[in-house]
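# Commentary on secondary and tertiary structure
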Amino acid sequence: MNDYRYDVEVLHLLVSPAHAYFGRAREGAADVPTADADHAELVAGKGIVGDRFFGKAAHMDAAVTVFAVEALEAIAAELDAGPFDPLLTRRNVVLRGVELAPLLGHGFTLESGGDVVTLKAGRPAHPCAWMDQMLAPGAHKAMRGRGGVRCQVVSGGLLHRGPAVLTSPVPLDPGKAGEANVLRPSRLP
């Protein structure tokens, strides 16, 4: 099997022990402690240590959300708003440098800071209606189809903010990630 390697950047690692968006948006988001961590510990079959979905049976196959910041930048441009704070999307891992949709149904690795974690992208991460309140009117609709992917942790370890390598069994189109500074993949032997 030949894999494809993509140089990416882990921009944000959101770890939050509780949900911030529930109830009615007009009442505002809950004031919950949220960390934009330098690193996060991922545990196989459980998720991110300290996160609201960690070890929850209903979320074992989708405990970690991965999101491409280029999608958010494109949404901000389309809505003539922003820039938006990526943490407001409540996605756990915010990457720059690669499209994510082709990963659905596939395992992939993220190597950062000398550590490697393996994830399996199981389903799209659909946006919630809160995006209209937290980002801008129309953001919920604009984010549909590009809200990232929900993943299961296959093999755990530490994930670090900063430069990283995403290895995928399927080719990805970095151009669809949105920015011209995206690096092209190299095929592994």
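Residues numbered from 1 in each chain as written. Predicted model: local features only at pLDDT ≥ 70, side-chain atom pairs only at ≥ 80, totals over all residues. Heavy atoms only, no water.

Let us look at unusual backbone geometry. Even without a glycine there, the phi angle at D80 is positive, about 50 degrees. Along the chain, D80 falls in the loop between α1 (69-78) and β6 (93-96). A relative accessible area of 74% places D80 in the exposed class. The backbone phi angle of R90 is positive, close to 65 degrees, even though this residue is not glycine. Along the chain, R90 falls in the loop between α1 and β6. According to the relative accessible area criterion, R90 is buried, its value standing at 10%. (Helix = DSSP H or I, 4+ residues; strand = E, 2+ residues; numbered from the N terminus. Buried < 20%, exposed > 50% of the residue type's maximum accessible area, 1.4 Å probe, protein only.)

Taken residue by residue, a regular strand's side chains alternate between the two faces of the sheet. Of the two faces of strand β3 (residues 39-43), the one holding A40 and L42 is buried and the one holding H39, E41 and V43 is not buried anywhere. Both β3 and strand β10 (residues 157-160) contribute to a ladder of 4 bridges, which runs antiparallel. Within β10, the position partnered with A40 by the bridge is L159. Where β3 meets strand β4 (residues 47-48), 2 bridges bridge the pair, whose relative direction is antiparallel. Each bridged residue has a counterpart across the sheet, and for V43 the counterpart in β4 is G47. (Pairing = 2+ DSSP bridges.)

A word on the nonpolar core. With 33 residues, the main nonpolar core has L42, V66, L95, L110 and L166 as its most contacted residues. For this core, the secondary structure elements donating two or more residues are β1 (4-15), β3, β5 (64-68), β6, β7 (107-112), β8 (115-124), β9 (149-155) and β11 (162-168). Tallying contributions element by element places β1 first for this core, with 6 residues. Discounting residues that sit within four places of it in the chain, L166 has contacts with Y4, R5, Y6, V8, L95, V98, L103, F108, T109, L110 and L172. One finds F84, W130, M131 and L135 within the second-largest nonpolar core, a separate group that totals 13 residues. (Core = buried A, V, L, I, M, F, W, Y, C linked by side-chain atoms within 4.5 Å. Contact = heavy atoms within 4.5 Å.)

On to α1. Residues of α1 that are buried include every one of V69, E70, A71, L72, I75 and A76, and no others. In the stretch just after α1, D80 is the one whose phi turns positive, near 50 degrees.

Moving on, we get to the pattern of salt bridges. Opposite charge on two side chains allows them to pair when their charged atoms are near. Considering all chains together, one arrives at 7 salt bridges under this definition. Ionic pairing is found between D51 and R52, a salt bridge with its closest N-O pair at 3.0 Å. Its salt-bridge partner being E70, residue R96 comes within 3.9 Å of it at the nearest N-O pair. Taken as a pair, R96 in strand β6 and E70 in helix α1 lie far apart in primary sequence, 26 residues in all. Taken together, the shared-partner salt bridges in this structure form one network comprising D36, D38 and R161. (Salt bridge = Lys/Arg side-chain N within 4 Å of Asp/Glu carboxyl O.)

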